[in-house]
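# Results of the structural survey
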Amino acid sequence: MTAPPDEPRGDHDPTATSGSVATRPPDSPGTTRPKARATRRPGDVVFSGLSLASGLIILLILVLVAVFLIQQGWPAFTADSEEISGGEGFFGYIWPLVAGTVVASIIAMVVATPIAVGIALFVSHYAPRRIGVVIGFVVDLLAAVPSVVFGMWGLQTFAPQFVPLFGWLEDTLSFLPFFEDGSATGRTLMTASLVLAVMILPIITSVSREVFLQTPRLHEEAALALGATKWEMIRTAVIPFGTPGVIGGVMLGLGRALGETMAVTLILSPGAFTWNIIGSGNNTIPAEIALNFPEASGLRLAELIAAGLVLFVITLIVNLFARWIVAKRSEFSGAN
Amino acid sequence: MSKRIDVKNLDIFYGDFQAVKDVSMVIEPKSVTAFIGPSGCGKSTFIRTLNRMHEVIPGARVEGEVLIDGQNLYGRGVDPVDVRRQVGMVFQRPNPFPTMSIRDNVLAGVKLNSKRMSGKAADELAERALRGANLWNEVKDRLDKPGSGLSGGQQQRLCIARAIAVQPEVILMDEPCSALDPISTLAIEDLINELKSDYTVVIVTHNMQQAARVSDRTGFFNLEATGQPGQLVEFDDTQKIFNNPSQKATEDYISGRFG
Ligand SMILES: Nc1ncnc2c1ncn2[C@@H]1O[C@H](COP(=O)(O)OP(=O)(O)OP(=O)(O)O)[C@@H](O)[C@H]1O
Ligand SMILES: [Mg+2]
C-alpha cells in the first residue's frame, strides 16, 4: 500500500517528516497523498484485512467445489450414450431430474410466497404487537424443525391425507395434463412440493417481515395523509419498499427448495418424469443423489457428481437472476 | 374549495402524557395561518390533529372538537380516511414515494380517491398539479424518473404537488422549508402565497421572518414549563403579533428574549 519512492506522483522522500510537506510548492499534486495515508487507523487496517480474507476464503471454497464437481463429473459428459443410466446419454439422464427439481421448487415457491407475505404483513402491520411477536416466534420455530422430520411427517401424515384431494383434482381438473391419475399412496411430486412449501415458509416470512418493518414511517404517513386506507397504505408504501427484500427472501427459499434432499427423498417414490404431478413418478436431483450415492462407483459416481454440478449451476442462475431483478429496481429503491 | 376550521377546547394526548392543552381558534378560509413557538411546545402535534394524523401513533388521542365548515372531524362515524382526503399535509422532510416516478407520485393520491382515470386526464392533472407547485418546468422532461432523484427543494415541491393534486380543502405544512436552502425556501414561500387564493393553508415554522412574510394570522404556542402541556398563548393578525403582541411571552419570543 505504501508508494515506492520512484512512483511518479508520490514525489516525496519516504524518510521525510510530515513537516517537510509544507516546504513543497503548493501545487505539487503529490503532497496531499502521504498525509491522507498517514491517518489510516490500525483498526481500519485490521478490519479491511479481515473482510478481504473472509471474502477470499468464500471465493476459494466456491472455486474448490466447482473444480471438484467438474473434475469428478467429467467422465459422465464424455462417456458413450449407452453407458449412461437409461442409455440415452447424460442429457437424457439429467433432464427429467432437472425438470422434477425445478417443478417441485416452483410449486413450493408459488404456494409459499403469498402465504409468507400475508403472514409478514399481518405480523408487521395488522396484529397487535404482542400477538405479532408470538406469531413471528412460531414461524421461526418452524425453521428449526429438521428436514428429516418434515420428511417423515410428510410421508406418514401428509401423503395419505392428500389422496382424496388428488382424487378431487383428478375429477375436476383432469383436462389439465398436471392432474391425471391420482396416486393411491399420495407419495407424489405435489406432496413433496407442498412439504417443501411449508419448509421454505419461515425464511420467506421472516425476511419479508423484517423489510416490511423497516418501511420508513415517513412513507407510511405520506400515504395515510393522502387519504389511503390501511390496505392502500400498505400497497403504496410498504409493499413497493419491501419488494426487493421479499424477492431476496423468495430466492433464499427457492435455493433451499432446490437443494432440499431429505424430505423429498423420503416422500417421493421416484420414477420417470411426468407432467402428472399428482401421480407417482418424478424425481429431483438431490433425492436422486442421496438415494444412489452410497452404492455408486465408477461412471455412476461421475454421473451423480455431474448431476450435482447441474444443481449447482441452477442455483447459481437463480441467485444471479434474483440479483438482476433487485438491481433493475434499485434506481427506484430510494437509496439514491 | 377552501373551508373554515373551528377548533374548540382541544386537548391532545400521547397515552397518559398531555402534549397540548385547551386550544381554541378559528382559521378563516383562503388565508395562511402560521404557528410559531419553541421546540416541543406541540405545534406538530396540534397541526396533525387537523387531519387526524395524530391518531396513527399508537396510544395517541384527542379530546375536544375540530369543526370544518361545521362538521366535527372527531364526530361519531367520521372516517379519518375521508378527513385526510379533504385536508392534505406536507411534512417537514420531503417524502416522495421512492419507488414511484415523478408522475406517479403526483397522481398517487388521486389514484386512491378515484379508481379509474384515462391516461390523458391523468397527464393533464399531473401537469396542472406540478404547475401549481412551480415544479413543471424543472421536471417536464423526466416525469418517468424516480421522485427520489430530485433535489430536496424539488422533492418538497413534488410533495406539495401530490397534496394539491387531490384538490383538498385545506393544506397543512409542518416546517416545509426546514430541510431546504434559502432559494428553495423562497420558491415555496411564493407558492404558499399563490395557494392562498384557492386553499386554506396552515403552516408551522421556526423561522419568524417566514411567518411574517407568508401568513395572515399567527398563533404562538408555548410551554409553561418542561413536562407541562403546550398552550396557545396568543392568536392574532400576523401584523399585530409581530408589531404589538398583547402577551409578554409572545413579545419575548419574537424579539429573541426567550429564556
Ligand atoms: N410520538 C410521540 N409519543 C410521545 N410523545 C410525543 C410524541 N411526539 C411528540 N411527543 C411529545 O409531545 C410534545 C410536543 O411535541 P411536538 O413534536 O408537537 O413539538 P413541536 O412544537 O412540533 O416541536 P419542534 O418545533 O421541535 O418540531 C413534546 O413534549 C414531545 O416530546
Ligand atoms: Mg415539530
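Let me begin by describing the structure that accompanies this report. (Residues numbered from 1 in each chain as written. Chains lettered and ligands numbered in written order. Predicted model: local features only at pLDDT ≥ 70, side-chain atom pairs only at ≥ 80, totals over all residues. Heavy atoms only, no water.)

### Points about the overall build of chain A
For clarity, the threshold we go by: Elements are defined by DSSP. Helices are runs of H or I of four residues or more, strands are runs of E of two residues or more, and each kind is numbered from the N terminus. The classification of residues rests on relative accessible area computed with a 1.4 Å probe and restricted to protein chains. Under 20% of the type maximum is buried, over 50% is exposed, and intermediate values are partly exposed. Note on definitions: a residue-residue contact is assigned when non-hydrogen atoms from the two residues lie within 4.5 Å. Note on areas: Shrake-Rupley, 1.4 Å probe, and residue coverage restricted to the protein chains presented here.
Of the regular secondary structure elements, chain A holds 11 helices and 0 strands. Ordered by position in the sequence, the α and β elements of chain A form the string α-α-α-α-α-α-α-α-α-α-α. For chain A, the residues scored as buried account for 40% of the 336 residues in total. Taking as baseline every contact in chain A between residues at least 6 positions apart, the subset at least 24 positions apart corresponds to 75%. Of the accessible surface of chain A, which amounts to about 18,000 Å², a share of 69% is contributed by carbon and sulfur atoms.

### Describing the site of ligand 1
All names here are of chain B. Short version of the rule: A single heavy atom is enough: if one lies within 4 Å of a molecule or strand, its residue is considered near that molecule or strand. Polar contact is defined as a pair of N or O atoms within 3.5 Å, subject to the rule that within protein one atom must be able to donate a hydrogen and the other to accept it, and that residues adjacent in sequence are counted only when both atoms are side-chain atoms. Three classes are used, and their members are as follows: Ala, Val, Leu, Ile, Met, Phe, Trp, Tyr, Cys and Pro are nonpolar, Asp, Glu, Lys and Arg are charged, and the others, Gly among them, are polar.
Taken together, 13 residues lie around ligand 1, and Ser39, Lys43, Ser44, Thr45 and His206 are the ones closest in. Between ligand 1 and Lys43 there is a distance of 2.8 Å, counted from an oxygen atom to a side-chain nitrogen or oxygen. Take Thr45: an N or O atom from its side chain is 2.4 Å from an oxygen atom of ligand 1. Of all elements in the fold, only β2 (17–27) and α1 (43–49) reach the threshold of two or more residues within the shell around ligand 1. Considering each element in turn, the shell around ligand 1 owes the most residues, 3 residues, to α1. Residues of the shell around ligand 1, tallied by class, amount to 5 nonpolar, 6 polar and 2 charged.

### Side note on a nonpolar patch on the surface
All names here are of chain A. Heads up, the rule is: A patch consists of residues exposed above 30% relative accessible area that lack any salt bridge, with like charges linked at up to 9 Å and nonpolar side chains (Val, Leu, Ile, Met, Phe, Trp, Tyr) linked at up to 5 Å. Any Lys or Arg side-chain nitrogen located within 4 Å of an Asp or Glu carboxyl oxygen qualifies as a salt bridge.
Among the surface-exposed residues, Phe122, Tyr126, Ile131 and Trp231 lie close enough to one another that they form a single nonpolar patch of about 400 Å² accessible area. Position of Phe122 among the secondary structure elements: in helix α3 (residues 89–126). By relative accessible area, Phe122 is classed as partly exposed at 36%.

### Observations regarding the packing of aromatic side chains
Residues and elements named next belong to chain A. The following threshold applies: Side-chain rings of Phe, Tyr and Trp (the six-membered ring for Trp) are treated as a pair once their centres are within 6.5 Å; stacked means planes under 30 degrees apart, edge-to-face means over 60, and tilted covers the remaining angles. Note on criteria: charge over ring means Lys NZ or Arg CZ within 6 Å of the ring centre, with the direction from the centre no more than 35 degrees off the ring normal.
Counted according to the given criterion, the structure contains 13 aromatic pairs over all chains. Each ring, one from Phe150 and one from Trp153, has its centre 6.1 Å from the other, and the planes form 65°; the classification is edge-to-face. Within this pair, Phe150 and its partner Trp153 are both found in helix α5 (residues 147–173), separated by 3 residues, close to a single helical turn. The rings of Phe150, Trp153, Phe158, Phe162 and Phe166 are connected pair by pair, giving a single aromatic cluster. Here the basic side chain of Lys230 rests over the ring of Tyr126, its NZ or CZ set 5.3 Å away from the ring centre.

### Examining the interface of chain A and chain B
We count it as follows: Summed over both partners, the accessible area (1.4 Å probe) lost when two parts come together is defined as the buried area.
Contacts between the two partners involve 23 residues from chain A and, on the opposite side, 31 residues from chain B. For the pair chain A and chain B, the summed buried surface comes to about 2,200 Å²; carbon and sulfur atoms form 65% of the total. One can count 2 salt bridges joining chain A with chain B. Across the pair Glu221(A) and Arg48(B) runs a salt bridge whose closest N-O atoms are separated by 2.9 Å. Connecting chain A to chain B are 4 residue pairs in polar contact (both at pLDDT 80 or more).

### Section: the side chain of Gln154(B)
Residues and elements named next belong to chain B. Of note, Gln154 is situated in helix α6 (residues 152–165). Taking the relative accessible area as the measure of exposure, Gln154 reaches 13% and is therefore buried. If sequence neighbours within four positions are ignored, Gln154 has contacts with Leu135, Glu138 and Arg142.

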